[in-house]
Amino acid sequence: MPTRAADRLAGGVGISPPPCQDKAFNLIGGKQTSTYKWSFRASSTPAGLNKSTVANTLKKSFGNVTGAHNDCGRADKISATSQYLGTTSTAPNCNAMDGKNVVGFGSLDPGVLAVTCYWIGNGKIVEADMKITTKESWALSLSTCRGDSPMLEATITHEAGHVFGMNHVGEAKHGRLTMSPYLDGPCENNEATLGLGDMLGLESMY
Ligand SMILES: [Zn+2]
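Residues numbered from 1 in each chain as written. Predicted model: local features only at pLDDT ≥ 70, side-chain atom pairs only at ≥ 80, totals over all residues. Heavy atoms only, no water.

S.K.: Looking at this model, I keep getting lost on the packing of aromatic side chains. Mind explaining?
M.R.: Two aromatic rings are characterised by how far apart their centres lie and by the angle between their planes. Counted under the stated rule, the structure contains five aromatic pairs. Ring plane angle 40 degrees and centroid distance 5.6 Å describe the contact between Tyr36 and Phe62, whose orientation is recorded as tilted. Of this pair, Tyr36 sits in strand β3 (residues 36-40) while Phe62 sits in helix α1 (residues 51-66), and the two are 26 residues apart along the sequence. A relative accessible area of 0% means that Phe62 is categorised as buried. (Phe/Tyr/Trp six-rings, centres within 6.5 Å; stacked < 30°, edge-to-face > 60°. Helix = DSSP H or I, 4+ residues; strand = E, 2+ residues; numbered from the N terminus. Buried < 20%, exposed > 50% of the residue type's maximum accessible area, 1.4 Å probe, protein only.)

Below is the structure:
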């Protein structure tokens, strides 16, 4: 059976410490043991979003994890890598393994921004798919973000954390880390930058 991680947009960050002072992390119990190679179901992109801009945002988001994008002053010692294989007609499928890692848009429950599902065997993540909701008006940049739109990069950087083996930390006490389950809010990109706990977790695996 796959494991699902559903992620949401919400407000308060509670009593959480600043991201570079918060060492918390949790692992899902599996890691990528070679380059994560993924495809994008570009045909699923909602109307109004440019498919190639979305693809670039997805690539950048994976790069935020594999490239250890942080403002805590930590060097990139994370050996994880990802590779974009191009577009696919295959849909992300959280019900069955199909041997392909696919990212695409689809219908999710109201309030859920994205879901990453993964299969683990012997400590290895053998497949991970990602579904992004079509119910939100996604923002691809802060300068064009309006109203209550969530930032795609912030959201997908968090999802990419799951792909590489990171689990959630509690929202109330660790809400400013990338791996807390809620975004800090609309039109912000905080989660695109890894916090200390996010870095420590990734460094412990890679
Ligand atoms: Zn999550």
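Once you've had a look at it, read on.
S.K.: What exactly am I supposed to notice about the state of the cysteines here?
M.R.: Working definition: the covalent bond between the sulfur atoms of two cysteines is a disulfide. Within this structure, the stated rule accounts for three disulfides. Residue Cys20 pairs covalently with Cys72 via a disulfide, S to S 2.0 Å. Here the disulfide of Cys20 and Cys72 is left-handed, its torsion about the S-S bond being about -85 degrees. You can see Cys20 sitting in the loop between β1 (3-9) and β2 (26-27) and its partner Cys72 sitting in the loop between α1 and β4 (82-87), a full 52 residues away along the chain. Taking the relative accessible area as the measure of exposure, Cys20 reaches 28% and is therefore partly exposed. By relative accessible area, Cys72 is classed as partly exposed at 24%. Between Cys145 and Cys187 runs a disulfide, and the two sulfur atoms are separated by 2.0 Å. As the torsion about the S-S bond is roughly -90 degrees, the Cys145-Cys187 disulfide counts as left-handed. A residue pair is termed long-range when its members are at least 10 positions apart, and Cys145 in the loop between β7 (124-133) and α2 (152-163) and Cys187 in the loop between β9 (182-183) and α4 (196-205) qualify at 42 residues. Using a relative accessible area of 8% as the deciding quantity, one classes Cys145 as buried. (Disulfide = S-S within 2.5 Å.)

S.K.: Mind showing me how you'd approach the pattern of salt bridges here?
M.R.: Opposite charge on two side chains allows them to pair when their charged atoms are near. Scanning the model with the defined rule gives two salt bridges in all. Between Glu153 and Lys60 there is a salt bridge; the shortest N-O distance is 3.7 Å. Residue Glu153 is located in helix α2, and its partner Lys60 is located in helix α1; the two are separated by 93 residues in the primary sequence. Overall, the relative accessible area of 8% leaves Glu153 in the buried class. Note that Glu203 and Arg74 form a salt bridge whose closest N and O atoms lie 2.8 Å from each other. Taken together, the residues span a long stretch of sequence, with Glu203 in helix α4 and Arg74 in the loop between α1 and β4 at a distance of 129 residues. On the accessibility criterion, Glu203 (24% relative accessible area) is partly exposed. Residue class for Arg74 comes out partly exposed when judged on its relative accessible area of 32%. (Salt bridge = Lys/Arg side-chain N within 4 Å of Asp/Glu carboxyl O.)

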